[in-house]
Amino acid sequence: MRSVMVQIPNTPASADVARLAGVSRATVSYVLNNTSAVRISEPTRRRVREAARELGYVPHAAARSLRAGHSRMVLMPAPAIPVGPLYSRFLSELQRELGRLDYTVVQYGTVGLQGDEAARAWAELRPVAVLVPGAGLGPQGVGVLKRSGARAVVTLGPGRVDGAHALLMDHDAVGACAGAHLYARGRRRIGVVVPEESGLEAFSRPRLAGVRQALRGKDAAVTELPLAYTEESAARLAAGWRESGLDAVFAYNDEYAMLLMRALQDEGVRVPEDVAVIGADDLMLGRLLRPRLSTVHIELPSGRDLAELVDRAVRDPGAEPEVHKVLGASVIRRESS
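Described below are features of the structure shown in this document.

**Here we look at the pattern of salt bridges**
Overall, the coordinates contain 14 salt bridges when judged by the stated rule. Taking the shortest distance from any N to any O, the salt bridge between Arg312 and Glu322 comes out at 2.9 Å. With Arg312 in helix 14 (residues 303-315) and Glu322 in the loop between helix 14 and strand 11 (323-326), the pair connects residues that are 10 residues apart, well separated along the chain. Overall, the relative accessible area of 41% leaves Arg312 in the partly exposed class. For Glu322, a relative accessible area of 22% puts it in the partly exposed group. Through salt bridges with shared partners, one network takes in Glu97, Arg100 and Arg304.

**Overview of the sheet that holds strand 1 (residues 73-77)**
The six strands lie next to each other as 2-1-3-4-5-11, forming an open sheet whose pairing is parallel. For this open sheet the edge positions go to strand 2 (104-108) and strand 11, each flanked by a neighbour on one side alone. Direction aside, the axes of adjacent strands within the sheet are offset by 15° on average. In this structure, strand 5 (residues 165-169) lies alongside strand 11, joined through four bridges in parallel fashion. Within strand 11, the residue paired with Leu168 across the bridge is Lys325.

**Things to note about empty space enclosed by the protein**
Across all of its chains, the model carries two cavities of 30 Å³ or more by this definition. The volume enclosed by the largest cavity comes to roughly 50 Å³. If you trace the largest cavity, you find 11 residues lining it, with Met76, Tyr87, Leu91, Leu131 and Pro133 closest to the centre. Going through the elements one at a time, strand 1, helix 5 (85-100) and strand 3 (129-133) are the ones with two or more residues in the lining of the largest cavity. Ranked by residue count, the leading element in the lining of the largest cavity is helix 5, at four residues. Looking at the lining of the largest cavity residue by residue, the classes come out as 10 nonpolar, one polar and no charged.

**Quick look at the pairing of strand 10 (residues 294-299)**
Pairing of strand 9 (residues 276-280) with strand 10 involves three bridges; the strand directions are parallel. Residue pairing in the sheet places Ile278 in a bridge with Ser294 of strand 10. As defined by bridge partners, strand 10 adjoins strand 12 (residues 328-332) across five bridges and the pair is classed as antiparallel. Within strand 12, the position partnered with Glu299 by the bridge is Gly328.

**Digging into the environment of Gly138**
Assignment of secondary structure puts Gly138 in the loop between strand 3 and helix 7 (139-147). Note: C-alpha distance between Gly138 and Ala119 (19 residues apart in sequence) is 9.2 Å.

**Remarks on the packing of aromatic side chains**
One pass over the full model with this rule turns up two aromatic pairs. The interplanar angle of 85° and the centroid separation of 5.7 Å between the aromatic rings of Tyr252 and Tyr256 together place this pair among those described as edge-to-face. The same class applies to Tyr252 and to Tyr256, which are both buried. Here a set of aromatic residues connected by ring pairs shows up, and it is made of Tyr229, Tyr252 and Tyr256. A cation over an aromatic ring shows up here: Arg207 above the ring of Tyr252, its NZ or CZ 4.9 Å from the ring centre.

Scoring rules and cut-offs
- Residues numbered from 1 in each chain as written.
- Predicted model: local features only at pLDDT ≥ 70, side-chain atom pairs only at ≥ 80, totals over all residues.
- Heavy atoms only, no water.
- Salt bridge = Lys/Arg side-chain N within 4 Å of Asp/Glu carboxyl O.
- Helix = DSSP H or I, 4+ residues; strand = E, 2+ residues; numbered from the N terminus.
- Buried < 20%, exposed > 50% of the residue type's maximum accessible area, 1.4 Å probe, protein only.
- Pairing = 2+ DSSP bridges.
- Axes fitted to C-alpha atoms, helices over the stretch in contact; angles between N-to-C directions.
- 1 Å grid on protein atoms, 1.4 Å probe; cavity = no way out; pocket = protein on both sides within 12 Å on 5 of 7 lines; lining within 4 Å.
- Points joined across faces, edges and corners; volume = space filled by probe spheres on them.
- Nonpolar A, V, L, I, M, F, W, Y, C, P; charged D, E, K, R; others polar.
- Phe/Tyr/Trp six-rings, centres within 6.5 Å; stacked < 30°, edge-to-face > 60°.
- Lys NZ or Arg CZ within 6 Å of the ring centre and 35° of its normal.

In structure tokens:
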């Protein structure tokens, strides 16, 4: 039998970094793990990082987890619905702030899995924290995650889940702002776009309810307008606009508003003379349109605040779950309404 020699590459260790930087292994550990409990001068931190970079040293995640008693992984299930630029920016900021606190953020796709079934799949990765966007997770799923070692479960959605921290997102207020604005502009026959894309009901239905709530008891009528995010669907809706008698529309968000506004203008329906249009999210593209798009500016929670909530929960897993109402809404009036 022929023997084959396999050369195993020398992997740099923390001791090598310590020798090159002229510090102890403990100091290397403190610097590369971003430990704030020990005071280390900035020149020393810089020297350790430069030595690690020169040697190609990478800390061992599993070993670090053993020392800490838990992983530093924060799992964020990938949204199963289309997310716009506003939410994408929020996620990027959150990931950056969690990284600053020395957590590793992992986005996890759970196509075909929902609710508590998805929670079991997340639990297999043994994250220290899970951030769950939207609705669907129940108390049983929270229990599965906590038994697997998750110290913090945070939901971002319309309601609370027992055992989890909650950021309550009030989409009713977005619709109420839009409805009140259109009424104040003298519009009385108001359409509300409800996207036909699957998964958006958790946002579109509360926004529709918010418009109805704002106009309840007033001399105004609200009409629900199903719309797919395609030019063909917008063209069909615009073709029957004059017959509908509607003089205003809250188009769910800026992307649907821009889609519908273009179709209305192609049909010769004038904005805002014949129909006032308002979106939501305050995207830059809406400011570049002519007429410029009125919108509901949405204030999401800051990534730093949410990252610090996760860190507090990881450090004190027995604390009472925190509940915060987020998603401030205010109208930005432009020419389209």
